[in-house]
Amino acid sequence: MKRSGTGTARRQGRSLLRPPELSARASRALTLGLLLGAALGTHLLCLYIGTLDFSGARFFSYFRHPAVFLLNLLPVVLLVALFWFLTNRAWLAFLLPSALLVLVSFINYFKIAIRGDPLIAEDLLLIGEGAGTMGDYELHFPALFFVSFGLVLVGALALMRYARARIPRKRLWVRALGVLACVALGLLSWRLWYGDKELYDAQSADGVFNCEHESERSASRGLLWSFLHSVRQTLPMKPEGYSDAAAQELLARYEDADIPADERVNVVVTMLESFSDLSALGGVTFERDPYADFHALQAESYCGTLISDTNGGGTINAERSFLTGFVYPHSRYRRDTWSYVRYFAAQGYSTQGGHPGYEWFYDRRSVNENLGFSRYDFMENHYEALPTGGSDYHGHPDDAAFFADRRADYLARDPSQPYFSFSVTYQGHSPYSDTALEGGVYCAHDGLSDGAYCMINNYLSSVADTGRQLRAYVDSFREDDAPVVLVIFGDHKPTLGTGNCYYAELGVDVSENDAQGCENLYSVPYLIWANDAARRVLGDRFTGQGETISPSFLMAELFDRCGWDGPAWMQLQRDTRRRITVIHRQELFVVDGKWESELQPDARLLYDELRIAEYYVRKNLGTSESIGSGAQRVFCPNLSV
């Protein structure tokens, strides 16, 4: 009797879990209701993760702004509906997009923790790079990470059990129309709302988000809305008023100019990974100066400040802006593209460089070929076999080994041909430990948390060593009989602490929506140095204080120092730079030496003309077009005319 009672209890339990016997109409209604409820649950979960601090105050602030709430809900509903029509299974329609959206939410969370900036659409083009560097960082998974995926799994199992209605096979056309409708609604909604800058900027954060920081500003709009809004920045868009004829008319004002044959000095450029001068930030003091060697070089150089487009990552923004003169954002350069590398090659220069990183990172191998480099050294084809004497940086050649290799490359050049080299260091790349000192002490512990004390000093130890190696590298060119001009600049500032919180401990304002904070966060140094042989050829133009400029203007600054006119595109840039010296992706500008968020009509005209000409150069040159009234041979060698 006891066994029989146990069996009855089990049957009763299974009966409670068994889906009720419903009519077809009721089953469809239950399935749709459960699916919409599950989509709403995913939406709320993503909003909660997107608060970054998992606080109730931030979470409930979303409910006070209908646009924020609805524009983060719509993508979830459309994705669930799309997968419902594709799979005809409610549980799959929920599981696949929900797991993806929760994963994306946590990728955003970790990216902000590591680098301080939010996930944007452009990051989808760099998935391989991101995955390749994750092993360098120690990730701390919050309990919510595991709870979230558990909730998604429970929801999927519940839908598998109770949401069982399907679209009959004979109505396959309904599913096809549903897929098309979801895609059409998605495109329409982006055009109407997600790409609307005024709508996005109009949202208030109710004071619970610190919108002086880009990551917080993004979080205040919700991850999904912010991510979709960033699509407008992913690819260069055709400027308003653009036409090929208008661009050609602008560029025809100038004539492409050769570098005079007797002035073709060797040009050696080095971009320093995460190198910035924290001593230039007001109030930062040191127990000993980590920048002594670098400051000594500045004293005998023409030097100034770059305003980079990124912080803690995005090295290629400064790199490719320098090589092309193009402002952010950059395309993927999947075909032959005009660049200053090609200009130098047309002037008879050899064009090469090196980076002790992997060729797949940022797709540098293919892109550098498309920009015109004849040879470029990476880990795979060169640096893995480079002897480092047991000294390395995170498994890559450190600056001592790197600069020795670059000097050897210069000495091995063909001296009958002028030499252009552009190289990128690896030393200084994050992460920097915040748990143990790994070098010297440059900042005192007073006023700093343990984490800030360790991380800042570890970063400064790398910076100090870079300065020493850089000074020795420059010294090796002093007595060279051949004329050499060196260009040295940082790519971006480092991320210091979660959300750059350690800058605050140093007393530095890094808010991104005011001039001083933006300059503090994005400023890096540049210098242009010439040996005595180059000064004799070009004149003594290589000392003094330069302007604060964007990386896209740095090559033109070099040409100014050398006294070269350059190609028509550079000459148009030069006219723009007489008024506008900084063009930042946050849509901030430096005009006549002052930071501006809105351009006045005369400056706006210069900016619009620059973007029209730039779009034309990006789109056409590298194929069969010419610019200016000079011959194409000046800047675009080995291409059909």
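Reading guide: rules and limits
Residues numbered from 1 in each chain as written. Predicted model: local features only at pLDDT ≥ 70, side-chain atom pairs only at ≥ 80, totals over all residues. Heavy atoms only, no water. Helix = DSSP H or I, 4+ residues; strand = E, 2+ residues; numbered from the N terminus. Contact = heavy atoms within 4.5 Å. Areas by Shrake-Rupley, 256 points an atom, 1.4 Å probe, with all protein chains shown as cover. Patch = residues over 30% accessible without salt bridge, like charges linked within 9 Å, V, L, I, M, F, W, Y side chains within 5 Å. Salt bridge = Lys/Arg side-chain N within 4 Å of Asp/Glu carboxyl O. Buried < 20%, exposed > 50% of the residue type's maximum accessible area, 1.4 Å probe, protein only. Expected span 1.5 Å × (residues − 1). Core = buried A, V, L, I, M, F, W, Y, C linked by side-chain atoms within 4.5 Å. Phe/Tyr/Trp six-rings, centres within 6.5 Å; stacked < 30°, edge-to-face > 60°. Lys NZ or Arg CZ within 6 Å of the ring centre and 35° of its normal. Pairing = 2+ DSSP bridges. Arc of directions from axis to C-beta. Axes fitted to C-alpha atoms, helices over the stretch in contact; angles between N-to-C directions. Parallel < 35°, antiparallel > 145°, perpendicular 65-115°, else oblique. Left-handed = near helix turned anticlockwise from the far one by under 90°. Nonpolar A, V, L, I, M, F, W, Y, C, P; charged D, E, K, R; others polar. pLDDT = per-residue confidence, 0-100.

## So, the overall build of the protein
Along the backbone of the protein there are 24 helices and 13 strands. The long-range fraction of contacts in the protein, counting pairs at least 24 apart against all pairs at least 6 apart in sequence, stands at 75%. Carbon and sulfur atoms form 56% of the exposed surface of the protein, whose accessible area is close to 27,500 Å².

## Some points on a nonpolar patch on the surface
Together, Leu185, Leu188, Leu192 and Trp193 make up a nonpolar patch on the protein surface, roughly 370 Å² of accessible area in all. Note on placement: leucine 188 falls in helix H8 (residues 172-194). According to the relative accessible area criterion, leucine 188 is partly exposed, its value standing at 45%.

## Focus on H8
Counted at 1.5 Å a residue, the expected span for H8 with its 23 residues is 33 Å, and the 31 Å between its end C-alpha atoms agrees. Burial in H8 covers these residues: Arg175, Gly178, Cys182, Ser189 and Tyr194. Contacts from the buried residues of H8 go to helix H4 (66-87) and helix H11 (223-229).

## Brief notes about the nonpolar core
Ranked by size, the top nonpolar core spans 69 residues in total, and within it Phe420, Phe422, Val485, Phe489 and Trp564 carry the most contacts. Excluding anything up to four places from it in sequence, phenylalanine 420 contacts Val267, Val269, Val341, Phe344, Tyr349, Ser350, Thr351, Gln352, Phe373 and Met555. With 57 residues, the next largest nonpolar core counts Val284, Leu386, Tyr410 and Leu506 among its residues.

## Topic: the packing of aromatic side chains
Evaluated as defined, the whole model comprises 47 aromatic pairs. Directly above the ring of tyrosine 200 sits arginine 221, whose terminal nitrogen or CZ lies 5.2 Å from the centroid. Positioned above the aromatic ring of tyrosine 410, the side-chain terminus of arginine 413 is 3.9 Å from the ring centre.

## As for the pairing of strand S1 (residues 266-272)
When you tally the buried positions in S1, you get seven out of seven residues, the bulk of the element. Of the two faces of S1, both are covered, the one formed by Asn266, Val268, Thr270 and Leu272 as well as the one formed by Val267, Val269 and Met271. Pairing analysis gives five bridges linking S1 to strand S7 (residues 419-424), with the strands arranged parallel. Its bridge partner lying in S7, threonine 270 is registered against serine 423.

## Some remarks on helix H12 (residues 244-251)
What H12 keeps buried is the set Ala247, Leu250 and Leu251. What you see down the axis of H12 is that its buried residues fit within an arc of 95°, all on one side. The exposed set on the far side of H12, more than 90 degrees from its buried face, consists of Ala245 and Glu249. Buried residues belonging to H12 abut helix H23 (568-577) and helix H24 (601-620).

## Some thoughts on the sheet that holds strand S2 (residues 302-307)
With mixed pairing, the eight strands of this open sheet are ordered in space as S4-S3-S7-S1-S8-S9-S2-S10. Each of the sheet's edge strands pairs with one partner strand only, and the pair in question is strand S4 (375-377) and strand S10 (544-549). Sheet twist, expressed as the mean angle between neighbouring strand axes with direction ignored, is 15°. The pairing of strand S3 (residues 350-354) with S7 spans three bridges and is parallel.

## Here we look at the pattern of salt bridges
Scanning the entire structure with this criterion turns up 30 salt bridges. Residue lysine 619 pairs with aspartate 244 through a salt bridge whose shortest N-O separation is 3.2 Å. One end of the pair, lysine 619, is in helix H24; the other, aspartate 244, is in helix H12, and 375 residues separate them in sequence. With relative accessibility at 32%, the residue lysine 619 sits in the partly exposed group. The salt bridge partner of arginine 365 is glutamate 359, with a shortest N-O separation of 3.7 Å. For arginine 365, a relative accessible area of 36% translates into the label partly exposed. Among the charged side chains, a network of salt bridges with common partners joins Glu547, Glu557, Asp560, Arg561, Arg574 and Arg577.

## As for the packing of helix H2 (residues 24-50) against H4
Remark: H2 packs on H4, axes separated minimally by 9 Å, with the N-to-C direction vectors making an angle of 135°. The orientation of H2 relative to H4 falls into the category oblique. Pair H2 / H4 crosses with right-handed handedness. Of the residues in H4, those touching H2 at Thr31, Leu35, Ala39, Leu40, Thr42, His43, Leu44 and Leu47 are Phe69, Asn72, Leu73, Val76, Val80 and Trp84. Split into classes, the residues belonging to the contact of H2 with H4 amount to 10 nonpolar, four polar and no charged.

## Topic: unusual backbone geometry
Along the chain, serine 430 connects to proline 431 via a cis peptide bond; the corresponding omega equals 10°. Of note, proline 431 is situated in the loop between S7 and helix H18 (450-478). One non-glycine residue, histidine 394, adopts positive backbone phi at about 55°. In this structure, histidine 394 sits in the loop between strand S5 (392-393) and strand S6 (396-397).

## Side note on the confidence of the model for the protein
Within the protein, residue pLDDT values average 88, and 90% of them lie at 70 or more. Long-range and interchain partners of residues 623-641, a stretch whose pLDDT sits below 50, account for 57 contacts in this model, where long-range means more than four residues apart.

## Overview of the sheet that holds strand S13 (residues 594-596)
Strand order in the open sheet formed by three strands is S11-S12-S13, and the pairing between neighbours is antiparallel. Bordering the open sheet on either side are strand S11 (580-584) and S13, each of which pairs with just one other strand. Strand-to-strand twist across the sheet, computed as the mean angle between neighbouring axes with direction ignored, equals 20°. Bridging between strand S12 (residues 588-591) and S13 involves three bridges; their strand directions are antiparallel. Among the inter-strand pairings, valine 590 is bridged to a residue of S13, identified as tryptophan 595. The strands that helix H20 (residues 515-522) touches are S11, S12 and S13; relative to S13, the one it contacts most, it runs at about 100°. Each of S11 and S12 is contacted by H24, which is oriented at about 65° to S11, the strand it contacts most.

## Re the environment of arginine 413
Within the element layout of this structure, arginine 413 appears in the loop between helix H17 (399-411) and S7. Once you skip the residues sitting within four places of it in the chain, arginine 413 turns out to touch Asn266, Tyr419 and Ala482.

## Considerations on the environment of tryptophan 193
Here tryptophan 193 shows up in helix H8. Residues tryptophan 193 and leucine 228, spaced 35 residues apart in sequence, show a C-alpha to C-alpha distance of 9.7 Å.

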